[in-house]
Amino acid sequence: MIEAHTGAQVRAAETPFLERGDGPALMRRAAHGLALACSRRLRERRGKVAGARVVVLAGTGNNGGDGLWAGAELARRGAAVLAVATGDRLHPEGEAALRAAGGRVLSLGGPEGAGAAGRVLAADLVVDAVLGTGARGGLRGAAAALVQEVLDGLPDGAGPEVVACDVPSGVGADTGAVHGPVLPAGTTVSFGSAKAGLLLPPGEALCGRAVTVPLGLEPALPAPALRRLEPEDVAALWPRPGAGSHKYSRGVVGVVAGSATYPGAALMCTRAAVDAGAGMVRHLGDPETRRLVCLTSPEVVASEDHPTEVHVQAWVVGPGAVGDPAQESRIDAVLTGAVPAVVDAGALGAAARAAADGALGPGKVLTPHAGELAQVLAWLAALGVLEEAPEREGVEAEPARWAAAAAAATGAVVVLKGATTVVAAPGGLLLTQADGSPWLATAGSGDTLAGVMGAVLAACAEHPDAFAAAGSWARGENRFAVAAALAVAVHGQASRLGGLGPVPPTVLAQRVRDVLRARA
Ligand SMILES: NC(=O)C1=CN([C@@H]2O[C@H](COP(=O)(O)OP(=O)(O)OC[C@H]3O[C@@H](n4cnc5c(N)ncnc54)[C@H](O)[C@@H]3O)[C@@H](O)[C@H]2O)[C@H](O)CC1
Ligand SMILES: [K+]
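Scoring rules and cut-offs
- Residues numbered from 1 in each chain as written.
- Chains lettered and ligands numbered in written order.
- Predicted model: local features only at pLDDT ≥ 70, side-chain atom pairs only at ≥ 80, totals over all residues.
- Heavy atoms only, no water.
- Helix = DSSP H or I, 4+ residues; strand = E, 2+ residues; numbered from the N terminus.
- Buried < 20%, exposed > 50% of the residue type's maximum accessible area, 1.4 Å probe, protein only.
- Donors = N, O, S within 2.8 Å, 3.2 Å for Na, K, Ca; no water.
- Tetrahedral: all angles 85-135°; square planar, octahedral: opposite > 155°, others 65-115°.
- Phe/Tyr/Trp six-rings, centres within 6.5 Å; stacked < 30°, edge-to-face > 60°.
- Lys NZ or Arg CZ within 6 Å of the ring centre and 35° of its normal.
- Near = heavy atom within 4 Å.
- Polar contact = N/O pair within 3.5 Å; in protein donor to acceptor, adjacent residues only side chain to side chain.
- Areas by Shrake-Rupley, 256 points an atom, 1.4 Å probe, with all protein chains shown as cover.
- Nonpolar A, V, L, I, M, F, W, Y, C, P; charged D, E, K, R; others polar.

Q: Talk me through unusual backbone geometry; I want residue IDs and the actual numbers.
A: Of note, the amide linkage connecting Pro201 to Pro202 takes the cis form, showing an omega dihedral of 0°. Topologically, Pro202 is positioned in the loop between strand E8 (194-195) and strand E9 (209-213). Phi is positive for Asp166, which is not a glycine, with a value near 70°. Looking at where Asp166 falls in the secondary structure, it is placed in the loop between strand E6 (161-165) and strand E7 (187-191). Of note, Ala345 is a non-glycine position whose phi angle comes to about 35°, a positive value. Here Ala345 shows up in the loop between strand E15 (341-343) and helix H12 (348-356). For Ala345, a relative accessible area of 27% corresponds to the partly exposed category.

Q: Tell me about the coordination of the potassium ion (ligand 2), residues and numbers included.
A: Taken together, Asn63 (OD1), Asp128 (O), Leu131 (O), Cys165 (O), Val167 (O) and Ser169 (OG) make up the protein donors of the potassium ion (ligand 2), found 2.6 to 3.1 Å from the metal. Each of the six donor atoms around the potassium ion (ligand 2) contributes to a set of angles spanning 73 to 175°, which defines the coordination as irregular. With a relative accessible area of 21%, Leu131 lands in the partly exposed category. Looking at Val167, the relative accessible area reads 1%, which means it is buried.

Q: For the packing of aromatic side chains, give the residues involved together with the corresponding values.
A: Counted under the stated rule, the structure contains zero aromatic pairs. A cation sits over an aromatic face here: Arg20 above Phe17, 5.0 Å from the ring centre. Lying over the aromatic face of Trp473, Arg227 brings its terminal NZ or CZ to 4.1 Å of the ring centre.

Q: So what about the site of ligand 1? Which residues, and what values?
A: Inspection of the region around ligand 1 gives 22 residues, with Asp66, Gly132, Arg136, Gly138 and Asp166 positioned closest. Between ligand 1 and Glu14, the relevant distance is 2.9 Å, taken from a nitrogen atom to a side-chain nitrogen or oxygen of the residue. One nitrogen or oxygen atom from the main chain of Arg136 is found 2.8 Å from a nitrogen atom belonging to ligand 1. Compared with its free state, where it exposes 870 Å², ligand 1 has 82% of that area covered by protein. Among the secondary structure elements, those contributing two or more residues to the shell around ligand 1 are helix H1 (7-19), helix H2 (23-46) and helix H3 (62-76). Of the residues assigned to the shell around ligand 1, the class counts are seven nonpolar, nine polar and six charged.

Okay, structure coming up:
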């Protein structure tokens, strides 16, 4: 499990160390870890550190201090290190250490400042140490102009190796929001704990590979602000049948999906629920869709019942279920009922209305993409549940903020789907997953995800401690968010199985099965 913290959480954990006068020692530890990561990149790139051209972009605060101390270490190992001071001052001890090790300093505001971009572009490695957790907004003035000039001058697919100190300057350490120009990092070395912004879109795309350097303050850190499941967590947490299990105890998934116009959504959703290991899958819908479902997945029990007439552990409602009054009535019954449900696509509007009326039942998991979430937020604002609602671009700029706002306003888990998917629970729990291949962006992939999620939800619906092995944070209502993250992780891993390439959703469902077999 990757655990990430906010800047404020890490600073609070540092406070006792700083009060004891251990600040300089912490910085030296951080800088040493940063220098090691830089050395590794330089050896990969050119075989050795000695003789490498290194530029440290150094801001005025402690982030700059970390960069300067790391530059000093690289200079002692034979690198030619130039620090570019982006502000009107530098961390004094860091600057002294760099100069003592033979490094040089150039002031961006001084006479040599105009040549800084050229020096950056010609470097083997650049340390981005302008802004860290103390940043307010992004790069400004001369520093922003320098980075923009570098971005404009970067050759395609080449250029210096960029190592970001704690967080790429301009990426919000807590939010992942991108402010102004940012130098994309190949590696981000963070201190004490990964900062939440490294695991949140859109900033995550600018962070490269994440490395965390322990500072010794980890036991003092509070519960993380954000978590991410890794493959071994999926292996440990995915619900498995025991010797005494039977189809009902493993979880029955009820699927209200498909319509005469969109029968395919029902086929993909039911297939995925079967392939993800549901104890049993029921489908409710129109006769023609039911016939197709039974032909594609004979395992599925299809009927035209109303949800109140059948017993299931979890529902999946919405995929392809539009323009059909019978499906809409089924969806309303599920939304206001007490059985957990994945609420996708065509059911999101009804969910917003039910939430505004205070009628949305417990254990609901909404699965919008950014455009759908903007629409849900607009509905909630129109219904007086939210004060403001952003456009789609606003959701994309701050996905965690808006997923959390929708979760708080509806009382449902919100799964904001994207290259990095954000899972926000109403109590504040936040997970993100970035397992999927870009090929996953295809029609039907969401229907498949909904089916997989239904299978996990059904398995944990009657077991508040289903994921207790992950920690007490995963218990109770939070298990629905964990179930959602597990489904997103497996769906993403399935898209990468066997290499990158097209993964039509029907193939994806089979690969979900393969991922689960491999993790068994
Ligand atoms: N505290 C410790 O002992 C350790 C900290 N580490 C590193 O320190 C940074 C956080 O340092 P801090 O000095 O608090 O903040 P920053 O360096 O991020 O920046 C503050 C600096 O920059 C000015 N500033 C703020 N916003 C802007 C802006 N948009 N443009 C220009 N300048 C800005 C502000 O006025 C300050 O002067 C943390 O990230 C770690 O890298 C180490 O972990 C070691 C222990
Ligand atoms: K930085």
